[in-house]
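Letter by letter, the chains look like this.
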Amino acid sequence: MEAAESRETQAREYLRKHRIPELLTYLTSSLLFFRPEHPRDYLITILERLRIAKLTGIAFPFYMDNSNIVSMFEMMDPSNRGTISFVQYKEALQTLGLCTPDEVLKDTGRSISLDNFRDEVNRRTQEIYTSFSNTINGR
């Protein structure tokens with residue numbers, strides 16, 4: 001029994017260390033956001049682009065470009081106040097695969113602006129890319 005628990009613990013730690021759940025959530029969210037006609041080809045293309053970006057040192061190919069982020073923000077802010085609530089912010093990050101449901105985010109009590117939202121989406125996306133690229137290099 002202990003050996004099975006140890007293997008499960010090791011497996012969980014391995015996945016956590018390499019941020020595989022976050023990568024898979026990001027890939028799934030991207031797939032559902034864009035809904036390509038050929039989903040397997042789309043996923044392979046994303047992974048190939050990530051790999052090429054890492055090997056060549058070119059910038060990460062953000063799939064949530066500024067227009068996508070603005071559109072998502074505007075859907076959450078239909079009255080054009082220029083801000084969204086913390087709850088909307090966290091749900092958006094979860095939908096994009098950039099935040100796990102059990103992740104604790106600090107609610108400062110302030111509304112989230114488009115600039116804050118964009119910065120956080122880009123930062124978290126970059127973290128996933130960095131984790132993925134480190135995995136490619138065997139780190």
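Above this note sits the structure.
The shown structure was predicted, so the numbers you read here are calculated from the model rather than taken from an experiment. (Residues numbered from 1 in each chain as written. Predicted model: local features only at pLDDT ≥ 70, side-chain atom pairs only at ≥ 80, totals over all residues. Heavy atoms only, no water.)

K.L.:
Help me understand the packing of aromatic side chains in this model?
P.N.:
A ring pair, where both rings are aromatic, is described by two values, the distance of the centres and the angle of the planes. Inspection of the entire model under this criterion finds four aromatic pairs. Taking the centre distance of 6.0 Å and the plane angle of 45° together, the rings of Phe 73 and Phe 117 count as tilted. One end of the pair, Phe 73, is in helix α4 (residues 66-76); the other, Phe 117, is in helix α6 (residues 114-136), with 44 residues separating them in the sequence. Note on accessibility: Phe 73 and Phe 117 belong to one class, buried. Summarising the aromatic geometry, the rings of Tyr 89 and Phe 117 are spaced 6.5 Å apart at their centres and angled 70° between planes, so their arrangement reads as edge-to-face. Taken as a pair, Tyr 89 in helix α5 (residues 86-95) and Phe 117 in helix α6 lie far apart in primary sequence, 28 residues in all. There is no split in this pair, since Tyr 89 and Phe 117 are both buried. One aromatic cluster is present, formed by Phe 73, Phe 86, Tyr 89 and Phe 117 through successive ring pairs. (Phe/Tyr/Trp six-rings, centres within 6.5 Å; stacked < 30°, edge-to-face > 60°. Helix = DSSP H or I, 4+ residues; strand = E, 2+ residues; numbered from the N terminus. Buried < 20%, exposed > 50% of the residue type's maximum accessible area, 1.4 Å probe, protein only.)

K.L.:
Explain helix α2 (residues 20-34) to me, please; I cannot follow it from the model alone.
P.N.:
Given 3.6 residues to a turn, an α-helix orients residues that are three or four positions apart in the same direction. Here α2 is 15 residues long and its end C-alpha atoms lie 21 Å apart, about the 21 Å a rise of 1.5 Å per residue gives. When we look at burial in α2, the residues that qualify are Leu 23, Tyr 26, Leu 27, Ser 29, Ser 30 and Leu 31. Just downstream of α2, Arg 35 is the residue with a positive phi angle, here 45°. (Expected span 1.5 Å × (residues − 1).)

K.L.:
Whenever I open this one, the environment of Phe 33 confuses me. Can you help?
P.N.:
Within the secondary structure, Phe 33 sits in helix α2. With 35 residues separating them in the primary sequence, Phe 33 and Asn 68 have C-alpha atoms 9.7 Å apart.

K.L.:
When you look at the pattern of salt bridges in this model, what are you seeing that I'm missing?
P.N.:
Once their charged atoms are close, side chains differing in charge can pair, the charge on each being opposite to the other. Under the criterion given, the structure shown has seven salt bridges. The salt bridge involving Arg 123 is made with Glu 120; its shortest N-O contact spans 2.5 Å. Residue Arg 123 and its partner Glu 120 are located together in helix α6, separated by three residues, close to a single helical turn. Arg 124 is paired through a salt bridge with Glu 120; the nearest N and O atoms lie 2.7 Å apart. (Salt bridge = Lys/Arg side-chain N within 4 Å of Asp/Glu carboxyl O.)

K.L.:
Would you take a moment to explain the environment of Asn 116 for this structure?
P.N.:
Checked against the element boundaries, Asn 116 lands in helix α6. Overall, Asn 116 belongs to the partly exposed group, its relative accessible area being 44%. The spatial distance from the C-alpha of Asn 116 to the C-alpha of Thr 83 is 9.4 Å, given a sequence separation of 33 residues.

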